[in-house]
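Each chain, written out:
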Amino acid sequence: MPKPPEAGTQAPDFTLPGLLLDGDTAERREYRLADAKGGPLVLVFYPGDDTPVCTKQLCEYTSDLERFAGLGATVWGVSPQDLDSHERFARKHRIGFPLLADPDRTVAKAYGIAVPGLGLRRSVFILDADLTVRWKHVALAGLTFRHSDELAAQLAALG
């Protein structure tokens with residue numbers, strides 16, 4: 001299995017189905033990593049919709065979306081659940097950024113964070129405008145997550 005990409009290396013490319021809740025409408029479309037080029041991207045891999053730690057993590061990031069936007073960054077969440085699960089989760093907790101479905105864990109494998117039989121490791125990758133990995137955190141157990149303050153500091157360091 002590949003190892004997670006190191007800082008200074010190009011992020012593995014991908015295309016995944018995803019959805020973004022816009023008011024009461026869930027806009028479903030394909031998300032291509034190449035489409036994020038031009039500004040920083042916070043790529044959040046989380047194990048499961050509507051689980052305690054994932055809910056706390058994604059709700060915190062939603063609360064801080066304006067802060068991330070002020071640093072020029074967008075946020076995408078990726079997990080193995082399907083779009084119907086993502087839609088229920090996004091509606092229940094008003095998640096304000098795209099949730100992408102990686103049911104075969106193809107992208108998780110490409111990023112070296114898939115765990116056979118368990119899903120994936122909770123991870124955050126910060127990519128710059130050229131989609132180069134500038135910072136990453138790959139959790140061993142996934143019982144905690146990187147808070148918005150830490151992510152914002154990393155984004156600010158990109159300049």
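In the block above lies the structure referred to throughout.
Small disclaimer: the values here were computed from a predicted structure and weren't measured.

### Some thoughts on the overall build of the chain
In terms of helices and strands, the chain carries 5 helices and 9 strands. Starting at the N terminus and ending at the C terminus, the chain contains elements arranged as β-β-β-α-α-β-α-β-α-β-β-β-β-α. For 159 residues, the compact-globule estimate of 2.2 N^0.38 gives 15 Å, and the C-alpha radius of gyration of the chain, at 14 Å, lies within 12% of that figure. By its C-alpha atoms, the chain is 35 × 35 × 30 Å across when sized along the principal axes. Sequence-distant contacts, at least 24 apart, represent 67% of the contacts inside the chain between residues at least 6 apart.

### Examining the state of the cysteines
The bond known as a disulfide is covalent and runs between the sulfur atoms of two cysteines. Counting across every chain of the model gives 0 disulfides. In this structure C54 is not part of a disulfide, and its nearest cysteine sulfur, from C59, lies 11 Å away. Overall, the relative accessible area of 1% leaves C54 in the buried class. Residue class for C59 comes out partly exposed when judged on its relative accessible area of 24%.

### Thoughts on the pattern of salt bridges
One pass over the structure, following the stated rule, counts 9 salt bridges. With its nearest N and O atoms 3.5 Å apart, the salt bridge here joins R146 to E150. Via salt bridges that share partners, R28, D84, E87 and R91 belong to a single interconnected network.

### Structural notes on the pairing of strand β3 (residues 41-45)
β3 sits mainly inside the fold: 5 of its 5 residues count as buried. Covered by surrounding structure in β3 are L41, L43 and F45 together with V42 and V44, the residues of both alternating faces. As defined by bridge partners, β3 adjoins strand β4 (residues 74-79) across 5 bridges and the pair is classed as parallel. If you follow L41 over to β4, its bridge partner there is T74. Pairing of β3 with strand β8 (residues 123-127), which is carried by 5 bridges, proceeds in the antiparallel orientation. Looking at β8, one finds that V42 is bridged to I126.

Parameters and conventions
Residues numbered from 1 in each chain as written. Predicted model: local features only at pLDDT ≥ 70, side-chain atom pairs only at ≥ 80, totals over all residues. Heavy atoms only, no water. Helix = DSSP H or I, 4+ residues; strand = E, 2+ residues; numbered from the N terminus. Rg over C-alpha atoms; globule rule 2.2 N^0.38 Å. Contact = heavy atoms within 4.5 Å. Disulfide = S-S within 2.5 Å. Buried < 20%, exposed > 50% of the residue type's maximum accessible area, 1.4 Å probe, protein only. Salt bridge = Lys/Arg side-chain N within 4 Å of Asp/Glu carboxyl O. Pairing = 2+ DSSP bridges.

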